[in-house]
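Observations on the three-dimensional arrangement
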Amino acid sequence: MRRRAVVDALRRGAVPESGLDLLATGLDRFERAIDEELDAVAAGGSVFKAVRGEYGSGKTFFTRWLGERAKRRTFAVAEVQVSETETPLHKLETVYRRLTERLTTASFPPSALRPVADAWFYALEEDALADGASETELPQAVERLLTARLAEVSRHAPAFATALRGYKQSLDAGDEATAAAVMAWLGGQPHVAAAARRSAGVRGDLDHFGAFGFLQGLLTMLRDAGHAGLIVVLDEVETLQRVRSDARDKALNALRQLIDEVHSGRFPGLYLVITGTPAFYDGQQGVQRLAPLAQRLATDFTTDPRFDNPRAVQIRLPGFTEQSLTGLGATIRDLYAEGSQSPDRIKQLADDAYLTDLALAVGGALGGRVGVAPRLYLKKLVGDVLDRIDQFPDFDPRTHYKLTVSSGDLTATERNFAAPTPAASADDLDLDI
């Protein structure tokens, strides 16, 4: 099932949601540092990490590999796509809402917020019973534990604890509709029915500053429910470069504020990751626009990439070469062959030499840039080559297949790479007059 999920995702040209350990190549140099940081977070610390890489270097793959690795250590994971319209970074209440919508654990798919809350109340009841509370005393004992566990959170976001009490009361009363509405409000959803909010004793919607307190509350619930911590990935942060200057400045400042809160120890159990292109970290329309943020993310990348420090606040993904792309193709081919009825034939017809030729052909279709080709390369390899070898006994990719790349195969960024090189001067233009 894991192998099929990986192959199906690659056939669609997508990054698999799970099973990434089956095809992780070149990430072993990060394993030790990542595991050390996960251990530190599980012990009550907090970590911030910035991942940089050009398009196609595997940033999304890296963060999902990290998330899958963390889930095996009982972490919860949330991947948030930053965008100007759907998830503007300067509105942290929206970021928190997307976080709860995408929250997942090893046992529960998104959104795992309600199962986490239910597990937390169950843990409180177990602790109360272990302390000697009788069945009749249990509600009062749970209330005391709830107040004690959320004491620090209540200083900054008292509504979080109040809403949790309202959720529990609705459940105990058998009012599922109100319980679901209150849980939606706890997840930062706007426009929750006023009657449900009144029943829980809360008012209004979550705002920018309340989001910090709610995140603290979520981390407390996760810890008490048996989770080691929470991985939050803010993906595609480089989109900030394309928003209005005022919104960009607010978003960069919000990111700086969030990093400072992580480093201050306000969020024990949080591992925060952002991803972006080198232009975002180094360009004047990105991090360099806000000097305090640039100072916090400053990392020396002038040395040989072989000696990059995986423990640094910012890490670099070097991207794919012809050799590494061929190696990835060989890993996928072997993985595919394990589930095929003709594994020897697949390995024979799609040998390493052919995989190299295909990598060069796909790179050529993208302006000769092999480093940006992995998504398209794997899509063509699985869907156009391996599937046909597996299904048609007389199919030979060298004889019966010629790579074709249409605009429908490409993302917007890939289409830019595939576009003809612009003329350097007017003399280079060929005009038919």
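Residues numbered from 1 in each chain as written. Predicted model: local features only at pLDDT ≥ 70, side-chain atom pairs only at ≥ 80, totals over all residues. Heavy atoms only, no water.

Quick notes on the overall build of the protein chain
Going by this rule: For helices the rule is a DSSP run of H or I covering at least 4 residues; for strands it is a run of E covering at least 2, with both sets numbered from the N terminus onward. The rule is simple: take the accessible area with a 1.4 Å probe, protein chains only, and divide by the maximum for that residue type; under 20% is buried, over 50% is exposed, in between is partly exposed. Residue contacts are defined here by distance: any two heavy atoms, one from each residue, within 4.5 Å place the two residues in contact. Each accessible area value is a Shrake-Rupley result obtained with a 1.4 Å probe; residue values ignore everything except the protein chains displayed when judging cover.
Of regular secondary structure, the protein chain possesses 20 helices and five strands. Projected onto the principal axes, the alpha-carbon positions of the protein chain cover approximately 85 × 55 × 45 Å. When the 433 residues of the protein chain are sorted by exposure, 48% land in the buried category. In the protein chain, the proportion of contacts linking residues at least 24 apart, taken out of those at least 6 apart, comes to 71%. A total of about 20600 Å² of accessible surface is found on the protein chain, and carbon and sulfur atoms cover 50% of it.

Things to note about the side chain of Thr178
Among the secondary structure elements, Thr178 is positioned in helix H9 (residues 176–186). Sequence-distant contacts of Thr178, defined by excluding residues within four places in its chain, comprise Ser170, Ala196 and Ser199.

Concerning the packing of helix H5 (residues 113–130) against helix H11 (residues 210–224)
Condition: Convention adopted: a line fitted to C-alpha atoms gives each axis, helices being fitted over their contacting stretch, and angles between N-to-C directions are expressed from 0 to 180 degrees. We call two directions roughly parallel when the angle between them is under 35 degrees, roughly antiparallel when it is over 145, roughly perpendicular when it lies between 65 and 115, and oblique otherwise. In this scheme, a crossing is called left-handed if the near helix is turned counterclockwise away from the far one by less than a right angle; it is called right-handed if the turn is clockwise. Residues are grouped as follows: Ala, Val, Leu, Ile, Met, Phe, Trp, Tyr, Cys and Pro are nonpolar; Asp, Glu, Lys and Arg are charged; every other residue, Gly included, is polar.
Where H5 contacts H11, the two axes come as close as 8 Å, and the packing angle between them is 60 degrees. Classified by the angle between their axes, H5 and H11 sit oblique to one another. Handedness of the crossing formed by H5 with H11: left-handed. Within the contact between the two elements, H5 uses Leu113, Val116, Ala117, Trp120 and Ala123 and H11 uses Leu218, Thr220, Met221, Leu222 and Asp224. Its residues assigned to classes, the contact of H5 with H11 comprises eight nonpolar, one polar and one charged.

Considering the pattern of salt bridges
Counted only if it meets this: Salt bridges are defined by distance alone: a side-chain nitrogen of Lys or Arg within 4 Å of a carboxyl oxygen of Asp or Glu.
In this structure the tally under the stated criterion is 33 salt bridges. A salt bridge links Asp224 to Arg223, with the shortest nitrogen-to-oxygen separation between them at 3.7 Å. For Arg223, a relative accessible area of 44% puts it in the partly exposed group.

Considering the side chain of Thr277
Looking at the element boundaries, Thr277 is found in the loop between strand E4 (270–276) and helix H13 (278–282). Taking relative accessible area as the criterion, Thr277 reaches 14% and is therefore assigned buried.

Structural notes on the nonpolar core
Test applied: Remark: nonpolar core denotes a set of buried residues (Ala, Val, Leu, Ile, Met, Phe, Trp, Tyr, Cys) joined through side-chain atoms within 4.5 Å.
Core analysis: the largest hydrophobic core is formed by 74 residues, its most contacted members being Leu89, Leu103, Phe160, Leu164, Met221, Leu230 and Leu234. Here the element with the most residues in this core is H11; it accounts for eight residues. Once residues lying within four places of it in the same chain are set aside, the contact partners of Leu164 are Trp120, Phe121, Leu146, Leu150, Leu186 and Met221. Among the nonpolar cores identified, the runner-up in size contains 51 residues, and Leu23, Ala70, Tyr271 and Leu328 belong to it.

Things to note about the packing of helix H2 (residues 28–42) against helix H3 (residues 59–71)
Packing of H2 against H3 brings their axes to within 11 Å, and their N-to-C directions diverge by 50 degrees. The angle between H2 and H3 falls in the class oblique. Of the two possible hands of crossing, H2 and H3 adopt the one that is right-handed. Taking contact as the criterion, the partners of Phe30, Glu31, Ile34, Asp35 and Leu38 in H2 are, on H3, Phe62, Trp65, Leu66, Arg69 and Ala70. Tallied by class, the residues present in the contact of H2 with H3 amount to seven nonpolar, no polar and three charged.

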